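For reference, the chains in residue letters:
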Amino acid sequence: MAATSATSSARSSASPPPNPTPISLITPDPGMDEARRRGLRRMRTVAVGLLLLAACVYVATLGRDGFWGFVNAGAEASMVGAIADWFAVTALFKHPLGLPIPHTALVPKRKDELGKGLEEFVGENFLQEDIIRERVAAATISARVGAWLGEPAHARRVVDEVAEVAVIALGKVRDDHVADLVTHALVPRFREEPISPLLGTTLMEVLRDDLHHGLVDLAVDELHSWLRDNPETFTRVLEERAPWWAPPKLNDAVTSRLHVQALAWLADIRDDPHHSAREALDSMLGQLAHDLLNDQETVRRTEALKERLLEHPQVVTTAISLWKAMRSALLGSIRDPDGAVRQRLLVELSSFAERLREDATLRERLDRMAADLTVFAVERYGAEVTTVITSTIERWDGKEAARRIELHVGRDLQFIRINGTIVGGLVGVLIHAISLLVG
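These figures come from a predicted structure and were not determined experimentally. (Residues numbered from 1 in each chain as written. Predicted model: local features only at pLDDT ≥ 70, side-chain atom pairs only at ≥ 80, totals over all residues. Heavy atoms only, no water.)

Draft legend 1. Seen up close, the pattern of salt bridges. Applying the stated criterion across every chain yields a total of 23 salt bridges. Notably, a salt bridge pairs Asp372 with Arg133, separated by 2.8 Å at the nearest N-O pair. Residue Asp372 is found in helix H18 (residues 360–394), and its partner Arg133 is found in helix H6 (residues 129–139); the two are separated by 239 residues along the sequence. Given a relative accessible area of 30%, Arg133 falls into the partly exposed group. Residue Asp412 is joined to Arg411 by a salt bridge in which the shortest nitrogen-to-oxygen separation is 3.9 Å. (Salt bridge = Lys/Arg side-chain N within 4 Å of Asp/Glu carboxyl O. Helix = DSSP H or I, 4+ residues; strand = E, 2+ residues; numbered from the N terminus. Buried < 20%, exposed > 50% of the residue type's maximum accessible area, 1.4 Å probe, protein only.)

Right under this line is the structure:
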């Protein structure tokens, strides 16, 4: 697998410099360390006590035969086993009795090699695709997520957390960020991208699917309603443009007639889907779409208009204003516990949780996606992750590392001494029995 095969190369690139400055280990929990220290002292006391007991029995039965001969042989072997295992356990962390005996104090001296070995062990035995897929499948992530989100309190908690993160994220985006985005990213991109083909193709699709008819209907209906409800405004606008010498009664008659005709004309357009004005608009838009795609003069004028718009200083100001308005609306809705955004998120989460609980196919697909994503991450970054083990251990102070490791595992290692004492005694009795039979 890539995670393991690339371990050595990743180590060479990610390892710290030679002879890094040792750093002290941070004690995560003084209370837990004190409990471990007490347990270590108790087990050491038991191991030493058994050794002293074996020594006392050995002295008391020295030179005696018969049953006591067996006891003496067992006690002698117990002392040998206890001392040998004491030496082996002690040699892991320090020099026994402070003597610089070769191959002792292994952890302080060879912590770097131990770290590399641990890195390779993790990479070879844990970061394997089959193991990862098996563990992800066994975790039944999607089923657990569905059950957890099925609780209304949990779904509400997720929505609240998402809303809080969204508020923080929106608050971090300043006006100068938006200005930089528009100036250095969007505007140069719009300059490089010809806009005429995009506009022409879009307009062609709109006309082919008659998508603009709804907009035309809405515009005509709204304009008709406005003219019907605001005859005074219509009359006043026309009177301002009437000749000064025209009699007022004539102006009133003309403007009234124009108002009636305008209403009738808009009503005809509104009610007749094949009105000549609609057909004229369709023809004009179709010609515009064709020119945007094929007429070089139209293309040139469109691109020139785009350039003038992009160069206008109001572009950045408008973008910032739009962002402020959108952010204000989003923040207001997100901060409101009963706002539309939160309620919609809550509905969607609850619906998703229900689907997860009821749709086995969906759960299987999501679990497979989770396994694929995990395998991809391990294959791509597994070597870098395991290298953390080596680089971290290399920066530890050797003596403190030995002390910390002994504090965590030393209590269990004392059982080696205890077992050595007991097993040594039994083996001593067996050897004594065999020697009597042979002799």
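Draft legend 2. Molecular detail of the environment of Phe121. The topology assignment puts Phe121 in helix H5 (residues 106–125). Assessed through its relative accessible area of 43%, Phe121 is described here as partly exposed. C-alpha of Phe121 to C-alpha of Ala433: the two residues are 312 residues apart in sequence and 44 Å apart in space.

Draft legend 3. Molecular detail of the side chain of Thr298. Here Thr298 lies in helix H15 (residues 296–311). Separated by 2.7 Å, the side chains of Thr298 and Asp295 make a polar contact. Contacts of Thr298, omitting those with residues within four sequence positions, involve Asp291 and Leu292. (Polar contact = N/O pair within 3.5 Å; in protein donor to acceptor, adjacent residues only side chain to side chain. Contact = heavy atoms within 4.5 Å.)

Draft legend 4. Structural view of the side chain of Arg342. Position of Arg342 relative to the elements: it lies in helix H17 (residues 340–358). Each residue touching Arg342, except ones within four places of it in the same chain, is listed here: Val159, Asp160, Ala163, Ser333, Ile334, Arg335, Asp336 and Pro337.

Draft legend 5. Spatial organisation of the UniProt feature "transmembrane region" (unreviewed entry) in the chain. Mapped onto this structure's residue numbering, the UniProt feature "transmembrane region" (unreviewed entry) falls at residues 45–61 and 418–438. Note that residues 45–61 is 94% helix and 0% strand, and that its end C-alpha atoms are spaced 24 Å apart. Spanning residues 418–438, this segment combines 100% helix with 0% strand, and its end C-alpha atoms are found 30 Å apart. (UniProt positions renumbered as here; feature names shortened; annotations may be inferred.)

Draft legend 6. Quick peek at unusual backbone geometry. The backbone phi angle of His103 is positive, close to 60°, even though this residue is not glycine. Summarising the element assignment, His103 is placed in the loop between helix H4 (67–93) and H5. A positive phi is found at Asp210, a non-glycine position, where the angle reads about 55°. Mapped onto the elements of the fold, Asp210 is located in the loop between helix H10 (196–208) and helix H11 (212–229). By relative accessible area, which is 42% here, Asp210 ends up partly exposed.

Draft legend 7. Representation of the environment of Cys56 in the model. In this structure, Cys56 sits in helix H3 (residues 30–60). We classify Cys56 as exposed; its relative accessible area is 54%. Residues Cys56 and Val136 lie 80 residues apart in sequence; the distance between their C-alpha atoms is 57 Å.

Draft legend 8. Summary view of the nonpolar core. Ala163, Val167, Leu170, Val178, Ala179, Val182, Val187, Leu310, Ile320, Trp323, Leu331 and Ile334 form the largest nonpolar core, which has twelve residues in total. The next biggest cluster of nonpolar side chains, apart from the first, holds eight residues, and it includes Val216, Leu227, Leu266 and Ile269. (Core = buried A, V, L, I, M, F, W, Y, C linked by side-chain atoms within 4.5 Å.)

Draft legend 9. Structural view of the packing of helix H8 (residues 152–172) against helix H16 (residues 314–335). Taken N-terminus to C-terminus, the directions of H8 and H16 make an angle of 155°; their axes are 10 Å apart at the nearest point. Between H8 and H16, the angle is such that the two are roughly antiparallel. In this structure, the crossing between H8 and H16 has a hand that is left-handed. Taking contact as the criterion, the partners of Ala163, Ala166, Val167 and Leu170 in H8 are, on H16, Trp323, Arg327, Leu330, Leu331, Ile334 and Arg335. Here the residues of the contact of H8 with H16 are counted per class, giving eight nonpolar, no polar and two charged. (Axes fitted to C-alpha atoms, helices over the stretch in contact; angles between N-to-C directions. Parallel < 35°, antiparallel > 145°, perpendicular 65-115°, else oblique. Left-handed = near helix turned anticlockwise from the far one by under 90°. Nonpolar A, V, L, I, M, F, W, Y, C, P; charged D, E, K, R; others polar.)

Draft legend 10. Spotlight on the confidence of the model for the chain. Averaged over every residue, the pLDDT of the chain is 83; residues scoring 70 or more account for 92%. Averaged over each element, pLDDT in the chain is lowest for helix H2 (residues 7–14) (41) and highest for helix H14 (residues 276–294) (91). Note that pLDDT drops below 50 for residues 1–21; the model gives that stretch 34 contacts with residues more than four away or on any other chain. Predicted confidence for residues 23–27 stays below pLDDT 50, and this span has ten contacts to residues more than four positions away or in other chains. (pLDDT = per-residue confidence, 0-100.)

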